[in-house]
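One letter stands for each residue in the lines below.
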Amino acid sequence: MAHPTDGSRPSSARIYAHLLGGADTPEKDREAADMLVGAFPSVRDAGRANRGFLLRAVREIAAAGVTQFLDLGSGLPVHPNVHDVARVLHPDARVVYVDNDPTVVSHRQATADGDGVVTVEGDLRDPEKILEHPRVRATLDFDRPIGLITVAVLHFVPGDAHAVIASLRDALAPGSHLAVTHACSETMSEEEIKIGEAVYQRTSSPVNLRTRAEISALFDGFDLLPPGLVPPADWRPVAPELEPYPERSHEMLAAVGALSR
């Protein structure tokens with residue numbers, strides 16, 4: 001049986017990269033992305049707004065004193081990356097990128113890995129295996145706060161995503177932060193849901209929409225930072241001239257929580 005992310009089917013990571021403007025994605029991924037955009041053009045804005053949130057969230061988490069990050073479902077490198085943003089405040093910040101797509105992992109390892117920056121193959125559906133990975137353990141100190149990044153990935157996790165996050169949360173030290181964006185069934189039209197589910201059903205990562213309440217529950221054990229759970233563009237926006245991704249979208253909700261226990 002083929003690996004679900006061996007390149008034989010469109011990949012959510014490569015579709016996302018194409019939506020952000022990547023020019024070197026394979027034809028099958030461009031076709032899937034273009035099908036999404038053709039059906040509802042705002043999906044490109046959703047991808048870019050999501051990226052803008054990621055950069056602001058990493059900046060805010062780093063400003064809180066966090067110097068190490070675990071980016072799950074990291075996708076292909078897009079400058080600036082998590083480590084680029086974190087190292088503006090903490091030049092020695094350490095980052096582990098995790099993805100279940102071997103092509104993403106090999107590309108990141110070849111182009112982004114370096115001192116304190118590591119990419120490993122792992123599946124968010126098996127959080128314990130990620131936590132026990134020797135390269136993860138060698139790079140990150142779980143006795144100190146970690147910024148856990150799960151941006152645009154949890155809606156590709158079937159079943160009980162709450163249990164997945166709880167397993168990761170229980171491994172974190174106080175002062176750790178969780179950043180999430182997640183496609184929300186309550187902020188999308190029935191047509192958008194139908195088309196989105198149909199396109200992603202053809203990929204290696206079918207989409208699993210959740211309600212606002214279900215997304216909020218992912219933060220059990222975390223204290224939500226203001227402004228709470230909001231559209232990505234509304235989470236601590238910066239001046240327009242400082243925002244590389246000014247787009248707005250309604251498909252996703254975003255938030256950051258701090259672990260206080």
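A.B. asks: I tried to follow the sheet that holds strand β5 (residues 177-183) on my own but got confused; where do I start?
C.D. replies: The strand order across the open sheet formed by seven strands is β3-β2-β1-β4-β5-β7-β6, and the pairing between neighbours is mixed. Of all strands in the sheet, those bounded by a partner on one side alone are β3 (117-121) and β6 (222-224). Between one strand axis and the next, the sheet turns by 20° as a mean value, whatever way the strands run. Of the pairings in the sheet, the one linking strand β4 (residues 147-151) to β5 comprises five bridges and is parallel in character. Its bridge partner being in β5, Gly147 is matched across the sheet by His177.

A.B. asks: Looking at this model, I keep getting lost on helix α5 (residues 102-111). Mind explaining?
C.D. replies: Residues separated by three or four positions in an α-helix point in the same direction, a consequence of the helix having 3.6 residues per turn. For α5, the set of buried residues is Val104, Val105 and Arg108. Seen from one end, α5 has its buried residues packed into an arc of 100°, which puts them on one side.

A.B. asks: What is the right way to look at the pairing of strand β2 (residues 94-99) in this model?
C.D. replies: Remark: a regular strand shows side chains that alternate across the two faces of the sheet. In terms of residue burial, β2 counts as a mostly covered element, since five of its six residues are buried. Bridge count for strand β1 (residues 68-72) against β2 is five bridges, and the pairing is parallel. For Leu72, the partnering residue across the bridge sits in β2 and is Val98. On the question of chirality, the crossover connecting β1 to the parallel β2 by way of helix α4 (residues 82-89) is right-handed. Relative to β3, β2 runs parallel, the two being bridged by five bridges.

A.B. asks: I would appreciate a short explanation of the nonpolar core in the present structure.
C.D. replies: Here is a general trend for soluble globular proteins: nonpolar side chains tend to be buried in one another's company. Counting residues in hydrophobic clusters, the biggest one holds 33 residues, and the most contacted among them are Leu70, Leu72, Val96, Leu124, Leu154 and Leu168. Of all the secondary-structure elements, those providing two or more residues to this core are β1, β2, β3, α6 (127-132), α8 (161-169), β5 and β7 (252-259). Residue contributions to this core peak at four residues, all from α8. Setting aside residues no more than four positions away along its own chain, Leu70 makes contact with Val96, Val98, Leu140, Ile146, Gly147, Leu148 and Ile149. Residues Ala62, Ala179, Val230 and Trp235 belong to the second largest nonpolar core, which totals 29 residues.

About the criteria used
- Residues numbered from 1 in each chain as written.
- Predicted model: local features only at pLDDT ≥ 70, side-chain atom pairs only at ≥ 80, totals over all residues.
- Heavy atoms only, no water.
- Pairing = 2+ DSSP bridges.
- Helix = DSSP H or I, 4+ residues; strand = E, 2+ residues; numbered from the N terminus.
- Axes fitted to C-alpha atoms, helices over the stretch in contact; angles between N-to-C directions.
- Buried < 20%, exposed > 50% of the residue type's maximum accessible area, 1.4 Å probe, protein only.
- Arc of directions from axis to C-beta.
- Right-handed = clockwise from strand over helix to strand, strands pointing away.
- Core = buried A, V, L, I, M, F, W, Y, C linked by side-chain atoms within 4.5 Å.
- Contact = heavy atoms within 4.5 Å.

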